Amino acid sequence: RTAWAEFIVEFIANREIDVVQVLAARQGVDLAPALRAAYPSIRVVVDVDGDSTEDLAWLAYATSRYGNVIDAFCAPDAVVAAQLHQAGVSASRVHVSQAGLEGQGKSAAAIHSEMYGRLLATSVN
């Protein structure tokens, strides 16, 4: 278990990974500052939810502790997006992953893919 951080950092280096998506993994957000220091062009995306007490605690932890080094937050709907805004996350870093968009013919995977493309395009300066 103690070797996970080293494994993740080396895996990213060996695979030339551009985007890291964190899904409710404390170690993932805890690694965000180290990843940004080691790989300045990497983009860190965190998925958040707001349905349960655990989800709200995760949102608070990720935003209050690492909000400044996380490039984007994926919210499942406008309610969670509003919670992120209340936590001080700028609107430009909040992406609603589904909220009615699937009804417009877009899957959650397609929405994530588009967001990753925008994040990577902004890092090519």
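For the structure itself, consult the block above.
Residues numbered from 1 in each chain as written. Predicted model: local features only at pLDDT ≥ 70, side-chain atom pairs only at ≥ 80, totals over all residues. Heavy atoms only, no water.

(A) Structural detail: the overall build of the chain. The secondary structure content of the chain amounts to 6 helices and 4 strands. N-terminal to C-terminal, the α/β element order of the chain is α-β-α-α-β-α-β-α-β-α. Counting all 125 residues of the chain, 35% fall into the buried class. About 7200 Å² of surface is accessible on the chain, with carbon and sulfur atoms providing 54% of the total. (Helix = DSSP H or I, 4+ residues; strand = E, 2+ residues; numbered from the N terminus. Buried < 20%, exposed > 50% of the residue type's maximum accessible area, 1.4 Å probe, protein only. Areas by Shrake-Rupley, 256 points an atom, 1.4 Å probe, with all protein chains shown as cover.)

(B) Layout of the nonpolar core. With 25 residues, the main nonpolar core has V29, V46, V48, I70, F73 and L84 as its most contacted residues. Of all the secondary structure elements, the ones that give two or more residues to this core are β1 (19–23), α3 (32–38), β2 (43–47), α4 (53–66), β3 (72–75) and α5 (78–86). Sort the elements by how many residues they give to this core and α4 lands first, with 5 residues. Look past the residues within four positions of F73 in its chain and what remains in contact with it is V46, V48, A62, T63, G67, L84, V89, R93, V94 and H95. In terms of nonpolar packing, the next biggest core, distinct from the first, is built from 6 residues, V45, C74, M115 and Y116 among them. (Core = buried A, V, L, I, M, F, W, Y, C linked by side-chain atoms within 4.5 Å. Contact = heavy atoms within 4.5 Å.)

(C) Focus on the packing of α4 against α5. It is at 10 Å that the axes of α4 and α5 come closest, and there the two elements cross at 40°. Comparing their axes, α5 and α4 come out oblique. Of the two possible hands of crossing, α4 and α5 adopt the one that is right-handed. Mapping the contact onto sequence places L56, L59 and T63 in α4 and V80, Q83 and L84 in α5. Class assignment of the residues belonging to the contact of α4 with α5 gives a composition of 4 nonpolar, 2 polar and no charged. (Axes fitted to C-alpha atoms, helices over the stretch in contact; angles between N-to-C directions. Parallel < 35°, antiparallel > 145°, perpendicular 65-115°, else oblique. Left-handed = near helix turned anticlockwise from the far one by under 90°. Nonpolar A, V, L, I, M, F, W, Y, C, P; charged D, E, K, R; others polar.)

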